[in-house]
Amino acid sequence: MAYSVVMEDDLLKEFFAFKHGKEHDITIIEKLLNMYKPTYITNYAQLNRIGVSDVGINSQLAHSNQVNQTLEELAQNTIYKIILSSDKNHHPYVNIYNDSFSNYYTIAYKQGEDRTKLHSYLSSMFSDARQIWIYDNYLSNQWNTANQIFDYFPKRQLNFFIYKIEKQHITYLKKKCNDWQINNTNIFYTRCHDRYIRVEKDKLFIEIIITSGIDYIFDIQKEVILIIRHNMK
């Protein structure tokens, strides 16, 4: 079996309580599941420490020689080589509350692959937007292809904040939808290599990180990777 992560004792104890319908800390479980990837690895010593006793599980662990290893040793037998923690940030620990490691959705297309599903997804993601921030240093240079992104925004009152957009392109967008308010400004991204589309909704922000130009979303001769993450207001 391929294991993904290790959990520290306190997190595994809460996970077992949640898994078996027992009283548990909701906040811990929410944070844990945001980082959790099945399947986790444990051993007899850890289960004994958190008070879990199951003859069947213990037999399986003994058969797999998962008995007395430290959490760091167990982590070496996982795909991601990490231990989920509630209070540690140093390697190999990943803090479920605040860490540079995160668990996001990734969308990837290789050269020549059809992007119809991606375009449909973006249309859905933008449908309930209140405000949009777009950061792409080369948006104007690749305008003839990149401007297709605006076909997927709703044609209604919507505020755009677009870094370094040119006047003729503002005119183009106003013709597409006169209810759009176009601002040439940027308050979130400075000196960034990646491209960003930040979508403000009623209760959260969705951030789409594009590891290449926005035009790559529409040019099937190029590969493109998008990373989707969110922050609550």
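The sections below set out a description of the structure shown in this document. (Residues numbered from 1 in each chain as written. Predicted model: local features only at pLDDT ≥ 70, side-chain atom pairs only at ≥ 80, totals over all residues. Heavy atoms only, no water.)

This part is about the sheet that holds strand β2 (residues 83-85). Ordered in space as β1-β2-β3, the 3 strands form an open sheet in which the pairing is parallel. In this open sheet, the two strands that pair with only one neighbour each are β1 (6-7) and β3 (93-95). (Pairing = 2+ DSSP bridges. Helix = DSSP H or I, 4+ residues; strand = E, 2+ residues; numbered from the N terminus.)

The next subject is the layout of surface pockets. The calculated volume of the largest pocket comes to roughly 680 Å³. Taken together, the elements giving at least two residues each to the lining of the largest pocket come down to α2 (26-35), α6 (116-126) and β10 (224-232). Broken down by element, the lining of the largest pocket gets its largest block of residues, 6 residues, from α2. By residue class, the composition of the lining of the largest pocket is 12 nonpolar, 8 polar and 4 charged. In this structure, the second largest pocket occupies an estimated 300 Å³ of space. Lining of the second largest pocket is provided by 15 residues; of these, Tyr 3, Tyr 40, Thr 42, Gln 60 and Leu 61 occupy positions nearest its centre. Residue contributions to the lining of the second largest pocket peak at 3 residues, all from helix α4 (residues 55-63). Broken down by class, the residue content of the lining of the second largest pocket amounts to 9 nonpolar, 5 polar and 1 charged. (1 Å grid on protein atoms, 1.4 Å probe; cavity = no way out; pocket = protein on both sides within 12 Å on 5 of 7 lines; lining within 4 Å. Points joined across faces, edges and corners; volume = space filled by probe spheres on them. Nonpolar A, V, L, I, M, F, W, Y, C, P; charged D, E, K, R; others polar.)

So, about the environment of Lys 37. Relative to the helices and strands, Lys 37 resides in the loop between α2 and α3 (44-49). Taking the C-alpha atoms as reference points, Lys 37 and Tyr 105, separated by 68 residues in sequence, lie 12 Å from one another. Side chain to side chain, Lys 37 and Asn 103 meet in a polar contact 3.1 Å long. (Polar contact = N/O pair within 3.5 Å; in protein donor to acceptor, adjacent residues only side chain to side chain.)

Further remarks concern the packing of aromatic side chains. Tallied over the entire structure, the rule returns 17 aromatic pairs. A ring pair is formed by Trp 133 and Phe 188, whose centres lie 5.0 Å apart and whose planes are at 85°; its orientation type is edge-to-face. Of this pair, Trp 133 sits in strand β5 (residues 131-135) while Phe 188 sits in the loop between β7 (180-183) and β8 (195-200), and the two are 55 residues apart along the sequence. We classify Trp 133 as buried; its relative accessible area is 7%. Look at Trp 143 and Phe 150: their rings are 5.8 Å apart centre to centre, the planes differ by 40°, and that puts the pair in the tilted class. Like Trp 143, the residue Phe 150 is buried in the burial classification. Three or more aromatic residues joined by ring pairs form one cluster here, namely Phe 126, Trp 143, Phe 150, Phe 153, Phe 160, Tyr 172 and Trp 180. When the ring centre of Phe 188 is taken as reference, the NZ or CZ atom of Arg 198 above it lies at 3.8 Å. (Phe/Tyr/Trp six-rings, centres within 6.5 Å; stacked < 30°, edge-to-face > 60°. Buried < 20%, exposed > 50% of the residue type's maximum accessible area, 1.4 Å probe, protein only. Lys NZ or Arg CZ within 6 Å of the ring centre and 35° of its normal.)

This model, assessed by the stated rule, comprises 10 salt bridges. In this structure, the salt-bridge partner of Glu 207 is Arg 229, at a minimum N-O distance of 2.5 Å. Residue Glu 207 is located in strand β9 (residues 204-210), and its partner Arg 229 is located in strand β10; the two are separated by 22 residues in the primary sequence. Residue classification places Arg 229 among the partly exposed residues on the basis of a relative accessible area of 27%. Where Asp 219 meets Lys 222, a salt bridge forms, and the shortest distance between an N and an O atom there is 3.7 Å. The class of Lys 222 is partly exposed, set by a relative accessible area of 28%. Look at the salt bridges and you will find they share partners, linking Glu 8, Asp 87 and Lys 88 into a network. (Salt bridge = Lys/Arg side-chain N within 4 Å of Asp/Glu carboxyl O.)

Now for α2. Within the span of α2, buried status applies to Ile 28, Ile 29, Leu 32 and Met 35. One side of α2 holds all its buried residues, which, seen down the axis, span an arc of 130°. Exposed and facing more than 90 degrees away from the buried side of α2 are Ile 26 and Glu 30. Buried positions along α2 lie against β1, α1 (9-19), β2 and β3. One side-chain oxygen at the N-terminal end of α2 lies 3.0 Å from the backbone nitrogen of Thr 27; it belongs to Asp 25. (Arc of directions from axis to C-beta. Contact = heavy atoms within 4.5 Å.)

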